[in-house]
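Take a look at the letters that make up each chain.
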Amino acid sequence: MRKYWIIPLATAILAACTKDNTIPKESEGLTPITFVSSLATRSTNTALQSTQIAEGVQVGVFVKTAGGYISGGDNACLTADGNGNFTGANLYFPADGSAVSVYAYAPYDTDFSGKDAETVAFSVAADQSTDAGYLASDLLCGAPAGANSFTKDNPTVTLGFAHMLSKLNIKFTDTDSKANLKGATVNILNTLPSTTLKAS
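Residues numbered from 1 in each chain as written. Predicted model: local features only at pLDDT ≥ 70, side-chain atom pairs only at ≥ 80, totals over all residues. Heavy atoms only, no water.

Before going further, it helps to spend a moment on the environment of A117. Examined against the element boundaries, A117 turns out to sit in the loop between β7 (101-106) and β8 (119-123). Its relative accessible area of 47% is what places A117 among the partly exposed residues. Sequence spacing of A117 and K198 is 81 residues, and the spatial spacing of their C-alpha atoms is 5.6 Å. (Helix = DSSP H or I, 4+ residues; strand = E, 2+ residues; numbered from the N terminus. Buried < 20%, exposed > 50% of the residue type's maximum accessible area, 1.4 Å probe, protein only.)

What follows is about the side chain of K64. For K64, the location among the structural elements is in strand β3 (residues 58-65). For K64, a relative accessible area of 18% translates into the label buried.

To continue, consider the pairing of strand β9 (residues 140-143). The two faces of β9 differ: L140 and G142 on one face are buried, but C141 and A143 on the other face are not. Relative to β9, β7 runs antiparallel, the two being bridged by 3 bridges. Its bridge partner lying in β9, A104 is registered against G142. With 4 bridges joining them, β9 and strand β10 (residues 156-163) adopt antiparallel strand pairing. Its bridge partner lying in β10, A143 is registered against G160. (Pairing = 2+ DSSP bridges.)

Here we come to the packing of aromatic side chains. Taken as a whole and judged by the stated rule, the model has 5 aromatic pairs. Judged by centre distance (6.1 Å) and plane angle (35°), the ring pair of F62 and Y69 falls under tilted. The structure contains a cluster of three or more aromatic residues connected by ring pairs, namely F62, Y69, Y105, Y108 and F112. Between the NZ or CZ atom of K64 and the centre of the ring of Y69, over which it lies, the distance is 5.2 Å. (Phe/Tyr/Trp six-rings, centres within 6.5 Å; stacked < 30°, edge-to-face > 60°. Lys NZ or Arg CZ within 6 Å of the ring centre and 35° of its normal.)

The element strand β5 (residues 76-80) is extensively covered by neighbouring structure, given that 4 of its 5 residues are classed as buried. When β5 meets strand β6 (residues 86-87), the two strands line up antiparallel, connected through 2 bridges. Looking across to β6, one finds that A80 is bridged to F86.

On to a nonpolar patch on the surface, then. There is a patch of nonpolar side chains on the surface, built from L168, V186 and I188 and spanning about 180 Å² of accessible area. By the element assignment, V186 lies in the loop between β11 (167-173) and β12 (194-198). (Patch = residues over 30% accessible without salt bridge, like charges linked within 9 Å, V, L, I, M, F, W, Y side chains within 5 Å. Areas by Shrake-Rupley, 256 points an atom, 1.4 Å probe, with all protein chains shown as cover. Salt bridge = Lys/Arg side-chain N within 4 Å of Asp/Glu carboxyl O.)

This part takes up unusual backbone geometry. Each neighbour pair has its own omega, and for A106 with P107 the value is 0°, a cis peptide bond. Note on placement: P107 falls in the loop between β7 and β8. Even without glycine at this site, N75 takes up a positive phi of about 65°. For N75, the location among the structural elements is in the loop between β4 (68-69) and β5. Positioned with a positive phi, N190 is a non-glycine residue whose angle comes to about 55°. As for its position among the elements, N190 is in the loop between β11 and β12. When its relative accessible area of 83% is taken as the criterion, N190 is described as exposed.

Written as structure tokens, this is what we have:
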């Protein structure tokens, strides 16, 4: 008899998208920014959020020009569809043609709003036994590969995400088929249950 437990070392139930990301009327006639994503596979792969951000996971996006955030671009909340695309309020390229740079992270946290270049804490919860708990634990950071500079002439921004935290796979093996492993408890010692991340 073999049982497997997958324990990502980070999670907190974070606030969902609650801020108003509605873009004002002056966006009419501007070019919307299209976001797509990829996700680097962990060395130990699992079906859940292995090669793409899982459907329903909320992502925070920062979009800046040299002069600061574009309208709505300070911790904009988008929702992954599981296929590399996002839903949410549109963000638009500046009317003056300025180039923008883009950074992103997941899962979304309202604490990042209004904290340009400041560090924000990310903590883990002990119970990660559900998919929701696992996904809230899986801290991701994303940025474009190569030059992080985009204009309305190249409106699609591909954000390459990577897992920022370690994951443990623990396997119990019953060599004589007599032991009852149901309800077994594992204590993980000497780990760091929190970290910090810089906004944008």
